[in-house]
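Below are the chains, spelled out letter by letter.
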Amino acid sequence: MKLIAWGANSHGQLGLGLINEQVEKPTVVALPDFCNKIKQISCGGGHSLLLDEEGKLYSCGWNLNGQVGLENTTVKTLETFERVWCLSGIKFTNICTGWNFSCAVSDDNFLFVWGSNNNGQLGLPKLQFSEIKKPIRLQVNAHAVSMGLRHSAIINSKGEVWVTGCGKQGQLGLGKEVLFSDKFQKVNDIGKISHIACGQNHTIAWSTEENMLYVWGENKHGQLLLRSSNNNKQNMWVKNIYEPQKIDIDVRQKVKKLLSGWTNIVLLLDNGTILTWGRNNYFQLGTEEPFIGKLIHIQLPGSKLVKDVALGSEHTLCLAEDNTLWAWGWNEHANTGISLDPVISSPTLVPIGCEKDEQITQIYAGGAHNFIATKNINENKKTSNI
């Protein structure tokens, strides 16, 4: 397996052993010798977490608030992936990063948190724990996790959603009276949730059981799809939603992924359809057409079938079934790997330069950086012949 990275690297978040403004071309990352096959990568604002298939954690990048989980808490940046040794001996199954905070879920479904807690986003008392330099295990059951700019949300084994952190724009969904929380609180009046995604100042959830979308938080860019009853076009959208609203977006296919950037949403369906909506100031919706409050169906050139999608803060990566990689949106830090243009307005081929026997297996995107994992397709053939 090979790991390739590009985009913003001002804190060493690409794990390439150097710090610079950006890495313009996809570049191979050297991993620790004891790192086994990659299971998952999560990209924060300026740091990255890596989970291998044995459940071991690695991290690199910005560590000002302790978000990479180093035992040496005086180190402010980490330029290469290193083992999170303070969590050795624990097997993890899932990882997640916010802007400058992190978490991991153990195989017994406990949540470990570390990094900035200045808004209570880690679910611990803000006054006692403004920063968590060494990971703390919470008595919280977590099956799925999402983290935004200043808040976090989890789905537990019952399909309930619990939230913590800043709620000034309604992103906690706990009502107008609860604009801040430094402990996880249950979001009421929603169905059994299967997918959760935190944006900059909003939260969005999907119920597979109901085939329904639940939304709350900031909506000034239409990211929650809720229109104002006022017909004035300047006030088309309800600004903030403080309690969950249930929306039927007429999707009956199984949802494979629900993702959120800062102000845009992507829904990947099981049949390879990509639906998107929200802000389009950097063409993060993959079209030059202005967003007018409808779901946009993104199609790759040549009607290529979609295999996977990853979302940064304002750019998108998309893997096609034919092993080609496509990108669009914000490109200030060469996020897309395509050119040095400030934006890429529609799905455009990323020049990865894969060999004929090399297959892209995983894609990940964060604030302004990306990772892809590839494998040699002949490896399986060799193994089967032994």
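If you're wondering where the values come from, they're calculated on a predicted model, not measured in any experiment. (Residues numbered from 1 in each chain as written. Predicted model: local features only at pLDDT ≥ 70, side-chain atom pairs only at ≥ 80, totals over all residues. Heavy atoms only, no water.)

Describing the overall build of the protein chain
Here is step 1: Each helix and strand counted, the protein chain has one helix and 28 strands in total.
Here is step 2: A compact globule built from 386 residues should have a C-alpha radius of gyration of about 21 Å, and the protein chain, at 20 Å, falls within 12% of that.
Here is step 3: A total of 386 residues make up the protein chain; the buried ones form 57% of that total.
Here is step 4: Within the protein chain, contacts between residues separated by at least 24 positions form 51% of all contacts whose residues are at least 6 apart in sequence.
Here is step 5: Within the protein chain, one finds 36 positive and 35 negative side-chain charges whose respective centroids are separated by 3 Å. (Helix = DSSP H or I, 4+ residues; strand = E, 2+ residues; numbered from the N terminus. Rg over C-alpha atoms; globule rule 2.2 N^0.38 Å. Buried < 20%, exposed > 50% of the residue type's maximum accessible area, 1.4 Å probe, protein only. Contact = heavy atoms within 4.5 Å. Lys, Arg positive; Asp, Glu negative; His and termini not counted. Charge placed at Lys NZ, Arg CZ, Asp CG, Glu CD.)

Quick notes on the sheet that holds strand β12 (residues 151-155)
Here is step 1: The strand order across the open sheet built from four strands is β11-β12-β13-β14, with neighbouring strands paired in antiparallel fashion. Each having just a single partner strand, β11 (144-147) and β14 (180-186) make up the two edges of the open sheet. Averaged over all pairs of adjacent strands, the angle between their axes in this sheet comes to 10°, without regard to strand direction.
Here is step 2: Alignment of strand β13 (residues 161-166) against β14, held across four bridges, turns out to be antiparallel. Bridge pairing links Trp-162 to Lys-186 in β14. (Pairing = 2+ DSSP bridges. Axes fitted to C-alpha atoms, helices over the stretch in contact; angles between N-to-C directions.)

Thoughts on the confidence of the model for the protein chain
Here is step 1: Here the protein chain averages 93 in pLDDT, and 96% of its residues register 70 or above.
Here is step 2: In this model, residues 382-386 is a region of pLDDT below 50 whose contacts with residues beyond four sequence positions or in other chains number zero contacts. (pLDDT = per-residue confidence, 0-100.)

Observations concerning the layout of surface pockets
Here is step 1: Size it by volume and the largest pocket reaches roughly 1,100 Å³.
Here is step 2: Lining the largest pocket are 45 residues, with Ser-42, Cys-96, Val-145, Leu-258 and Leu-259 sitting closest to its centre.
Here is step 3: Looking at the lining of the largest pocket, the elements with two or more residues in it are β3 (38-43), β7 (92-97), β11, β15 (195-198), β19 (255-260), β23 (306-311) and β27 (358-365).
Here is step 4: When grouped by side-chain class, the residues that make up the lining of the largest pocket number 20 nonpolar, 21 polar and four charged.
Here is step 5: Taken as a whole, the second largest pocket spans an internal volume of roughly 190 Å³.
Here is step 6: Considered class by class, the residues forming the lining of the second largest pocket number six nonpolar, eight polar and two charged. (1 Å grid on protein atoms, 1.4 Å probe; cavity = no way out; pocket = protein on both sides within 12 Å on 5 of 7 lines; lining within 4 Å. Points joined across faces, edges and corners; volume = space filled by probe spheres on them. Nonpolar A, V, L, I, M, F, W, Y, C, P; charged D, E, K, R; others polar.)

Regarding the sheet that holds β7
Here is step 1: The four strands are arranged β7-β8-β9-β10 in an open sheet whose pairing can be described as antiparallel. Only two strands of the sheet have a single partner each, and these edge strands are β7 and β10 (131-141). Sheet twist, expressed as the average angle between the axes of neighbouring strands with direction ignored, equals 20°.
Here is step 2: Direction of pairing for strand β9 (residues 110-116) relative to β10: antiparallel, over a ladder of six bridges. Looking across to β10, one finds that Gly-115 is bridged to Ile-132.

Overview of the environment of Ser-48
Here is step 1: Within the element layout of this structure, Ser-48 appears in strand β4 (residues 47-52).
Here is step 2: Taking C-alpha positions, Ser-48 is 29 Å from Thr-287, a pair spaced 239 residues apart along the chain.
Here is step 3: If we skip the residues at most four places from it in the chain, Ser-48 touches Gln-13, Ser-42, Tyr-58, Ser-59, Cys-60, Phe-81, His-369 and Phe-371.
Here is step 4: Within the local environment of Ser-48, its side chain forms a polar contact with the backbone oxygen of Gln-13, the two atoms lying 2.7 Å apart.
Here is step 5: Within the structure, Ser-48 has its side chain in polar contact with the side chain of His-369 (distance 2.9 Å). (Polar contact = N/O pair within 3.5 Å; in protein donor to acceptor, adjacent residues only side chain to side chain.)

Structural notes on unusual backbone geometry
Here is step 1: Although it is not a glycine, Asp-189 sits at a positive phi angle of roughly 65°.
Here is step 2: Mapped onto the fold, Asp-189 is located in the loop between β14 and β15.
Here is step 3: Phi is positive for Phe-283, which is not a glycine, with a value near 60°.
Here is step 4: Examined against the element boundaries, Phe-283 turns out to sit in the loop between β21 (274-278) and β22 (296-298).

Brief notes about the pairing of strand β5 (residues 57-62)
Here is step 1: Judged by how many residues are buried, β5 sits mostly within the fold: six of six residues are covered.
Here is step 2: Judged from the five bridges that link them, β4 and β5 form a sheet pairing that is antiparallel. Following the sheet pairing, Leu-49 is matched in β5 by Ser-59.
Here is step 3: Linking β4 back to β5 in an antiparallel pair, the connection comprises four residues, with Gly-55 at a positive phi of about 85°.
Here is step 4: Pairing between β5 and strand β6 (residues 77-83): four bridges, direction antiparallel. Paired with Ser-59 across the bridge in β6 is Glu-82.

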